[in-house]
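Results of the structural survey
Chain residues, written in single-letter form:
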Amino acid sequence: MGRTNRRGERRRRSRRGRENAALPPLFCLLLPLLLLLPPLFAACAPRARRPARSALLVTLDTTRVEAIGCYGPYRGATPALDRFARSCVRFAAAYAVVPLTLPSHASMLTGLYPPAHGVRANGPWPLSPAAETLAELALRRGHQTAAVVGSVVLDETFGLAQGFAHYDAPARPAHATSSHAAERPADAVVDRALAWLAGRDRDRPFFLWVHLFDPHAPYLPPPAFRTGPFAENPYFGEVAFADRELGRLLAALEDDGTLAETTVLVVADHGEAFGEHGESTHGLLCYEPTMHVPMLLRLPDESRAGEVVTETVSVADAFPTLAAALGIPVPEGGEARDLHLPVPPGRGVYVESYTGCISHGWAPLAGWIDAGGKYLHGPEPEFYSLASDPREERNLAGTAAADVTHHLAALGRIAALPPLPPAPAAESDPRRDALLAGIRALGYAATPDVPRELPSPLAIGPGPAPARRVEVHGRLLVAQELVNAGRWPEAERILREVLAAEPGNSFALDRLGIALIEQGRAVEAIAPLARLVAEGAGDEHAEVNLALSLAAAGRTAEAIAHVQRALALRPNEPYFLDVLIDLFQRTGRSAEAERARALREERRRAGER
């Protein structure tokens, strides 16, 4: 049967050959012209619409690089990301700029390092309106822009909403007594992201940012992720839950054809420490567990799928990379690089943590990482050859003078970058107290509202190296947890022990004042709060807490002055006005009390409008 078919096919081919050989001469002359007609008609026909240039940025909060299976060695928590990684470029040496959520995301959205964009901590210092964010560039070009974030640490109050036509953050709580008030789970975030995608204009490209906060402490995954391999390690249960929901988002994009038109960048804002170098969680130090992060880039045509880039990159590279994906030209000369292009082998990146400096009076920490190693600048310089010493156990700063000099020169270049003008002092927002309370509940220290001059990355501050105070930092985190739980006497004991060794520790002074007031011992709170305010390390809430303590001691005139200072920082804060009215009434200053009442009512009506 097969042979008959082959012979029949040969006969058909032979017949076609004879027929072609018998074509008339005129047809042979016209044939070349006929062959030209299809391209001519195609040139006149309407062109097919090019795929829209869209970009999706997915940020994974607090995600250690080895928690992602494709990085290893931990397997089983991220099946969705591991499948997705097969279509991606994987960056093996990607670094956070700061081991904190807000400043790291500020770098992703601006392409600037913290000394330039000015966001050095979570909380009161927002991104300057002078910053030009990726969302602003996209919006000006007619792209649809949206963000769905999982934590109030990224609330629009802190400046990252610039350029997002739709900015969806967790509802602001009236009160925040635990970190649950500060976040929402990955399934809720993905639901809202999918709702926005379903309602968008499919004829226009978009830039969407989705932030999954779940792996952040406390580690409380849903019940389905507390059993089996996650029973003893709930952190990885949180990672697995976030992975499942990210997989749901990516599957929906693939099912409706959007993924084929979209560049996707998945990156962590920072990692998490599990006791390495004495650190738990993150924020204080700049060692690999909190700074080395996963980063995956998927191009719409899946070109470069499976490629591994070993050169050093930064989360700040998200800005030019996604700008290029959106068709937006970015001025050359910045520190951040478009990762569509080859990364130079000698490329280095900047890292820092000013947490110890801002919150405790310790020295700042700044560093430079490249293929040659990692240098951390401070009172006790550190240099590590990451290739041979990935756990950073052998400090070579005393024997690697040439490397240290090279890295110091790079830090000098960063220190010389012009900073953005700071954000203007914000008017009071009734939402803000709950936001900052939620951030404090996560274990982060309060910072003063008025930006103060911070040391240069090249400076060696007068305080101790943060690595020398890691045990103290851990005890303060425990004290914060006790404050969250209302266990004031236990918190007081730890805070007093810390202050016995470090009398000027601003975090401990602030929390001790609160613990004493909550125990009905406001007069005793005067000493720690007065020192905090006198050293310029207290925010407006510290001013009011000091005022309440002074009033309890009968020092009402001094109390009024401190409330007025708080109102100078937050002129519309209703609670501050209530305290001021009460103090005026106590001292018989009725006319001033009435004026304060009128101001409070005026602010209330303005807020309602």
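Here the structure is a predicted model, which is why all the values come from computation and not from measurement.

**Regarding the packing of helix α18 (residues 540-552) against helix α20 (residues 574-586)**
- Between α18 and α20, whose axes approach to 11 Å, the crossing angle comes to 25°. It follows from the interaxial angle that α18 and α20 lie roughly parallel. The handedness of the crossing between α18 and α20 comes out as left-handed. Counted together, Glu540, His541, Val544, Leu548 and Ala551 of α18 and Tyr575, Phe576, Val579, Leu583 and Arg586 of α20 form the full contact between these two elements.
- For the contact of α18 with α20, the per-class residue count stands at seven nonpolar, one polar and two charged.

**Observations regarding the sheet that holds strand β12 (residues 349-353)**
- The strand order across the open sheet built from four strands is β12-β13-β14-β15, with neighbouring strands paired in antiparallel fashion. Of all the strands in the sheet, the pair left with one neighbour each is β12 and β15 (382-384). Pairs of neighbouring strands in the sheet enclose a mean axial angle of 15°, with direction left out of account.
- Sheet analysis places strand β13 (residues 365-370) next to strand β14 (residues 373-377), joined by five bridges and oriented antiparallel. Bridging from a neighbouring strand, Trp368 pairs with Tyr375 of β14.

**Here we look at α18**
- Here α18 spans 19 Å end to end across 13 residues, near enough to the 18 Å set by a 1.5 Å rise per residue.
- Burial within α18 is extensive, with 11 of its 13 residues counted as buried.
- Those residues of α18 not exposed but buried are Glu540, His541, Ala542, Glu543, Val544, Asn545, Leu546, Ala547, Ser549, Leu550 and Ala551.
- N-cap assignment for α18: the residue whose side-chain oxygen lies 3.1 Å from the backbone N of His541 is Asp539.

**Topic: the pairing of strand β1 (residues 54-60)**
- With respect to burial, β1 is a largely interior element, seven of its seven residues being buried.
- On β1, burial covers both faces: Ser54, Leu56, Val58 and Leu60 on one face and Ala55, Leu57 and Thr59 on the other are all buried.
- The sheet contact formed by β1 and strand β6 (residues 262-268) spans seven bridges and is parallel. Paired with Ser54 across the strands is Thr262, a residue of β6.
- The pairing of β1 with strand β5 (residues 206-212) spans six bridges and is classified as parallel. Residue Ala55 lies in a different strand from β5, and its bridge partner there is Phe207.

**Looking at the nonpolar core**
- Core analysis: the biggest nonpolar cluster contains 125 residues, and Tyr167, Phe207 and Trp209 have the highest contact counts within it.
- Take this core: its biggest share by element is 10 residues, from helix α8 (residues 234-255).
- Dropping the residues within four chain positions of it, Phe207 is found in contact with Ala55, Leu57, Leu109, Leu134, Ala135, Ala138, Gln144, Thr145, Ala146, Phe164, Leu322 and Leu326.
- Leu482, Leu516, Leu529 and Ala542 belong to the second largest nonpolar core, which has 42 residues in total.

Cut-offs applied
- All residue numbers refer to position in the chain's written sequence, counted from 1.
- Totals for whole chains, interfaces and linings use every residue, but because this is a predicted model, local features are given only for residues with pLDDT of at least 70 and side-chain atom pairs only at 80 or more, for both listing and counting.
- Side-chain measures here rest on the full set of heavy atoms in the structure, leaving out hydrogens and waters.
- Lines fitted to the C-alpha atoms define the axes, with helices restricted to the stretch that makes contact. Angles between their N-to-C directions range from 0 to 180 degrees.
- What counts as a helix is a DSSP run of H or I of at least four residues, what counts as a strand is a run of E of at least two, and both are numbered from the N terminus.
- Roughly parallel means an angle under 35 degrees; roughly antiparallel, over 145; roughly perpendicular, 65 to 115; everything else is oblique.
- Take the far helix as the reference: if the near one is turned anticlockwise from it by less than a right angle, the crossing is left-handed, and if turned clockwise, right-handed.
- Two residues form a contact once any of their heavy atoms are found within 4.5 Å.
- Amino acids outside the nonpolar list (Ala, Val, Leu, Ile, Met, Phe, Trp, Tyr, Cys, Pro) and the charged list (Asp, Glu, Lys, Arg) are all regarded as polar, and Gly is one of them.
- Only strands that DSSP links by at least two bridges are regarded as paired with each other.
- Expected span of a helix: the number of residues minus one, times 1.5 Å.
- We call a residue buried when its accessible area falls under 20% of the maximum for its residue type, exposed when it is over 50%, and partly exposed in between, using a 1.4 Å probe and counting protein chains only.
- Distance and chemistry together define a polar contact, namely a pair of N or O atoms within 3.5 Å, with one atom able to donate a hydrogen and the other to accept it when in protein, and with adjacent residues in sequence counting only for side-chain atoms on both sides.
- What makes a nonpolar core is a set of buried Ala, Val, Leu, Ile, Met, Phe, Trp, Tyr and Cys residues whose side-chain atoms join them at distances within 4.5 Å.

On their own, these measurements won't tell you what the molecule is for.
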